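What follows is each chain in one-letter form.
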Amino acid sequence: MTHRTTPTARICPNCDGFATAAITTGGRDRHGHRHTITANCPACHGQGTVPARARESARV
């Protein structure tokens, strides 16, 4: 009997897990708050992880 586990997701190598960044546009509103936009990592789409690679079956 073999116990198989689902491979866990691994940290995205492109963003090191910091998948979303807030970037200021330079402007401020009337209350003095900065205007920001959100940028997501294009490789992991803002998730911070990528699927683990499936292991190859055992050699016979």
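The numbers attached to residues start from 1 for each chain and follow its sequence in the written order. Totals for whole chains, interfaces and linings use all residues, but because this is a predicted model, local features are given only for residues with pLDDT of at least 70 and pairs of side-chain atoms are given and counted only at 80 or more. Calculated side-chain values reflect all of the structure's heavy atoms, with hydrogen atoms and water omitted.

**With respect to the pairing of strand β2 (residues 20-28)**
Filter applied, for reference: Two strands pair if DSSP finds at least two bridges between them. Only runs of H or I of at least four residues qualify as helices and only runs of E of at least two qualify as strands under DSSP, and these elements are numbered from the N terminus.
As paired elements, β2 and strand β3 (residues 34-40) share 6 bridges and run antiparallel to each other. Bridged to Ala21 within β3 is Ala39. Count of turn residues in the β2/β3 antiparallel hairpin: 5 residues, of which Gly32 carries a positive phi of about 90°.

**Describing unusual backbone geometry**
For Asp16, which is not glycine, the phi torsion reads 55° and is therefore positive. For Asp16, the location among the structural elements is in the loop between β1 (10-11) and β2. Here His45, not a glycine, exhibits a phi torsion of approximately 60°, which is positive. Along the chain, His45 turns up in the loop between β3 and β4 (49-50).

**Observations regarding the nonpolar core**
Rules: Residues belong to a common nonpolar core when they are buried Ala, Val, Leu, Ile, Met, Phe, Trp, Tyr or Cys residues joined through side-chain atoms within 4.5 Å. Note on exposure labels: buried denotes an accessible area under 20% of the residue type's maximum, exposed denotes more than 50%, and partly exposed covers the range between, all computed with a 1.4 Å probe on protein chains only. Only heavy atoms enter the contact rule, under which two residues are in contact if any of them lie within 4.5 Å.
Core analysis: the biggest nonpolar cluster contains 6 residues, these being Cys12, Cys15, Ala19, Cys41, Cys44 and Val50. Excluding anything up to four places from it in sequence, Cys12 contacts Gly17, Cys41, Ala43, Cys44, Gly48, Thr49 and Val50.

Fair warning: the whole summary comes from geometry, so function is off the table for now.
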